[in-house]
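In case you want the letters, here they are:
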Amino acid sequence: MPLMAALFLRRLTLQAIKTENNCIARCLEKHFLQNTAPAQLYVTVSVPRLPSLIHAKAFSVAEDAQNKKNKKKKTETALTSTGRKISERIIQVFDEKGNDLGSMHRADVIKLMDKRDLKLVKRNACTEPPVYQLMTGLQIHEERMRLREQDKARPKTRPTLTKELTFSSNIGQHDLDTKSKQIQQWIEKNYQVQITIKKGKNVEDPENKMEAIFNQILQTMPGIATFSSKPQAIKGGRAVMCVLRHLSTKEENMYREAQKTQKGDILNKENRNERPPDVLHQ
């Protein structure tokens, strides 16, 4: 009962405040219209004030730290001149020819920069004292171009994607050939392929049968694929699993060289067999 009375009183209070506000607004509007010239009424427009919306950026310590790290790394690799703002008091300096000038006070370095009309570039900030080098504008430009070419030549790393394939050890030859072609297509697209062979039901397979199937699949892709992980028993010996991957560039070159050597040996052997026997003349 007291709770209902309190809620009723609160409703009455809110209704009174709302009525009072409406009365004040009407009085102000009437007063404004009476004191405004008719010529000014057509330019008076009532524009409701909307509450301003403030979009706050989410705060993330990890994201901010990562952004600062990336920005710092980009700045260091950009090979920019530090100008006359040297944060360290003592630094190790190399001149434009690569000669070590030893540790110098930053005031002496600034004097040397002005005297030789050179720029100062930070080379290594992780040492104590940090390493700087005096360089000309042309040297800085050439070094930037060299670093840019190195960055273009650097292979871009991509996440390795894996395809999975599972079948029984009593698979037919036709089905095995079909799956081998599918595996080769995945390998050529730089996928890793995880193959799992389960022991067939009611079939007593020899221990090396499933490994022989893996080798048979691999032999259909000479110079293309190899084992990323060798066949190993899983699920208590009820299955065997391996992972195939594409050959690296180095492995492809080694395979081609081995094929050339093998072909050369075969040709030499055939030439020796075709050579006529020596005839002794008496």
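Everything that follows concerns the structure shown earlier in this document.
Here's a quick rundown of the structure. Given the structure is predicted, the values throughout are model-derived calculations rather than measurements. Every chain begins its residue count from 1, and numbering advances along the sequence as written. At least 70 in pLDDT is required for a residue's local features to be given in this predicted model, at least 80 for side-chain atom pairs to be given and counted, and no such filter applies to totals for whole chains, interfaces and linings, which use all residues. Heavy atoms from the whole structure form the basis of all side-chain values; hydrogens and water molecules are not counted.

## Here we look at the overall build of the protein
Move 1: Only runs of H or I of at least four residues qualify as helices and only runs of E of at least two qualify as strands under DSSP, and these elements are numbered from the N terminus. Each helix and strand in the protein was counted, giving eight helices and eight strands.
Move 2: The rule is simple: take the accessible area with a 1.4 Å probe, protein chains only, and divide by the maximum for that residue type; under 20% is buried, over 50% is exposed, in between is partly exposed. Within the protein, the proportion of its 282 residues that are buried is 20%.
Move 3: Whether two residues are in contact is decided by their heavy atoms, any of which lying within 4.5 Å being enough. Within the protein, residue pairs in contact and separated by at least 24 positions form 55% of the contacts whose partners lie at least 6 positions apart.
Move 4: The method behind every accessible area is Shrake-Rupley, applied with a 1.4 Å probe, and residues are considered shielded solely by the protein chains displayed. In the form shown here, the protein has an accessible surface area of approximately 22900 Å², with 54% of it arising from carbon and sulfur atoms.

## Some thoughts on the side chain of Glu252
Move 1: Position of Glu252 relative to the elements: it lies in helix H8 (residues 249-274).
Move 2: For the purpose of charge, His is not counted, nor are the chain termini; Lys and Arg are scored as positive and Asp and Glu as negative. Here, a salt bridge means any Lys or Arg side-chain nitrogen found within 4 Å of an Asp or Glu carboxyl oxygen. Among buried charged residues, Glu252 stands out as having no salt bridge; its nearest opposite-charge side chain is Arg256, 4.0 Å away.
Move 3: Setting aside anything within four residues of it in sequence, one finds Glu252 in contact with Gly223, His246 and Leu247.

## Brief notes about the sheet that holds strand S1 (residues 90-94)
Move 1: At least two DSSP bridges between two strands are required for those strands to pair. Pairing is mixed in the open sheet, where four strands are placed in the order S2-S1-S4-S3. A strand with exactly one partner marks an edge of an open sheet, and here the two such strands are strand S2 (100-105) and strand S3 (119-124). Neighbouring strand axes in the sheet, compared pairwise and without regard to direction, differ in orientation by 35° on average.
Move 2: Alignment of S3 against strand S4 (residues 131-135), held across five bridges, turns out to be antiparallel. Note on S4: the bridge partner recorded for Leu120 is Leu134.
Move 3: Axes here refer to lines fitted to C-alpha atoms; in helices the fit is confined to the stretch in contact. Angles between the N-to-C directions go from 0 to 180 degrees. Across the sheet, helix H4 (residues 106-116) lies against S1, S2, S3 and S4, angled at about 120° from S2, the strand it touches most.
Move 4: Where helix H5 (residues 137-153) meets the sheet, it contacts S3 and S4, and its direction lies at approximately 115° from that of S4.

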